[in-house]
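The residues making up each chain are set out below.
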Amino acid sequence: MKLSHFLLSAMLALAVPLQSTPHNPGVLLHQDNDAVKIVCDDIAEDGIGSAYKSHTFSLDGCDGALIGDPRWTFSVCDENGTPVSVQSGTNTTFMVESLQNPDSYPLNGNGDIRGEVTFDGKLDGEPCARKFTVFLEIRPRIYTPSEPQFVYKENSFDVYVSVPYVGSDYIIALAEEDYNPIVRRFRFDQPYLANVVIKDVSYHFYSWIDLVVDNQYGSDRYSIEIEPQAKPNDIVSSEGDIMECVACGVSELYTIQGVKVGTDDVSSLSKGVYIRKTTDSNGHVEIKKILIK
């Protein structure tokens, strides 16, 4: 048996994958070795972690290979999804510092800061480049709600307001009135854009709606003050009026920040994540995220 055949048989028996290059026949290419990957000490493969603490990254699966010329970069994606470098390093491990002002960074559709950790260097002299996508969670945010709409009834009125928010799956509304010790609490399980409805508010006194979202990193609150309302001379209270108030039967498109940008026509919108709010003829509201590429 030729020596080359003997070596090939031995390598196959040991189940060691071989790849060849024009310059280095038979050399294992770490660049194409799926076993080599970036790992983090406290972030799993889904990439979800905290923006308020530091994280240490390293290469795994090197099998003792010598790491040479390591160049690490941590980037945060801007509004258009383009990575912008925030931090770099040249050690074999890479510690990404906690973000100093997380609220200043753009958020993705889930309310996270999307970033990338990249490694570019050599393993046993061969080029190796890897990327690890992270989603850094922060405290939730409530964006500016729509102007309150009122549906007047005989002895009270109902309040309708659309509230865009991120970082939580639900929003809490606390309703209180002047000279009334009772605080009513409502929960709306409508992620991203909640259609908050507060019924039976008194005409005669000031009232307040406190909107609250929270998660493991903190909370956000937005307060709406409603002045006493003049009772209309002609009261028409029907389900039809209420449905008209919440714009039934139409679709509306919003940015993640809650800015209305149109209805069903997406041809003029730039790429990114948007929220589509659709109200059917029965007044049922459906809210979905859509991605425009």
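Details of the structure are given in the entry above.
Residues numbered from 1 in each chain as written. Predicted model: local features only at pLDDT ≥ 70, side-chain atom pairs only at ≥ 80, totals over all residues. Heavy atoms only, no water.

**Remarks on the sheet that holds strand S12 (residues 171-177)**
Applicable threshold: We treat two strands as partners when DSSP finds at least two bridges between them. Working definition: helices are DSSP H or I runs of at least four residues, strands are E runs of at least two. Numbering for both runs from the N terminus. An axis is simply a line fitted to the C-alpha atoms; with a helix, the fit covers only the stretch in contact. Between two such axes, the angle follows the N-to-C directions and lies from 0 to 180 degrees.
Strand order in the open sheet formed by 4 strands is S13-S12-S15-S16, and the pairing between neighbours is antiparallel. Two strands in the sheet have a free side with no partner beyond their single neighbour: strand S13 (184-188) and strand S16 (218-226). The sheet shows a mean angle of 20° between the axes of neighbouring strands, direction not considered. Pairing geometry for strand S15 (residues 207-215) and S16, over 9 bridges, is antiparallel. Counted as the bridge partner of Asn-215 is Gly-218 from S16.

**A look at the sheet that holds strand S7 (residues 112-123)**
Taken together, the 5 strands give an open sheet; going across it, the order is S2-S8-S7-S4-S5, and neighbouring strands pair in mixed fashion. Each edge of the open sheet carries a strand with a single partner, namely strand S2 (48-50) and strand S5 (83-89). Direction aside, neighbouring strands of the sheet carry axes that sit 35° apart on average. Pairing analysis gives 6 bridges linking strand S4 (residues 67-77) to S5, with the strands arranged antiparallel. Following the sheet pairing, Ser-75 is matched in S5 by Ser-85.

**Considering the packing of aromatic side chains**
Aromatic ring pairs are described here by two measures, namely the spacing of the ring centres and the angle between the planes. Formally: Between the rings of Phe, Tyr and Trp (Trp by its six-membered ring), a pair exists once the centres lie within 6.5 Å; its type follows the angle of the planes, with under 30 degrees stacked, over 60 edge-to-face, and the other angles tilted. Here's how the labels work: a residue is buried when its accessible area is under 20% of the maximum for its type, exposed when over 50%, partly exposed in between, all with a 1.4 Å probe on protein chains only. When the NZ atom of lysine or the CZ atom of arginine is within 6 Å of a ring's centre and also within 35 degrees of its normal, the charge is said to sit over that ring.
Tallying each qualifying case throughout the model produces 11 aromatic pairs. Residues Tyr-152 and Tyr-203 carry aromatic rings whose centres are separated by 6.2 Å and whose planes lie at 5° to one another, so their mutual orientation is stacked. Taken together, the residues span a long stretch of sequence, with Tyr-152 in strand S10 (residues 149-152) and Tyr-203 in the loop between strand S14 (193-201) and S15 at a distance of 51 residues. By relative accessible area, which is 3% here, Tyr-203 ends up buried. Ring pairs connect the aromatic residues Phe-150, Tyr-152, Phe-157 and Tyr-203, which therefore count as one cluster. When the ring centre of Tyr-170 is taken as origin, the NZ or CZ atom of Arg-187, which lies over that ring, is 3.7 Å away.

**Comments concerning unusual backbone geometry**
Despite not being glycine, Tyr-179 has its phi angle at roughly 65°, a positive value. The topology assignment puts Tyr-179 in the loop between S12 and S13. Residue Tyr-179 is classed as exposed on the basis of its relative accessible area, which comes to 70%. Of note in the backbone geometry, Tyr-192 takes a positive phi value of approximately 75° without being a glycine. Here Tyr-192 lies in the loop between S13 and S14. Classification of Tyr-192 by relative accessible area gives buried; the value is 18%.

**Section: the pairing of S13**
In the sheet, S12 pairs with S13 via 5 bridges, with the strands oriented antiparallel. Paired with Ala-175 across the two strands is Arg-184, which belongs to S13.

**Structural notes on the side chain of Ser-207**
Test applied: Should any heavy atoms of two residues lie within 4.5 Å, those residues are counted as being in contact.
Its location among the elements puts Ser-207 in strand S15. The exposure class assigned to Ser-207 is buried, which follows from its relative accessible area of 4%. Once you skip the residues sitting within four places of it in the chain, Ser-207 turns out to touch Glu-176, Glu-177, Val-201, Ile-224, Glu-225 and Ile-226.

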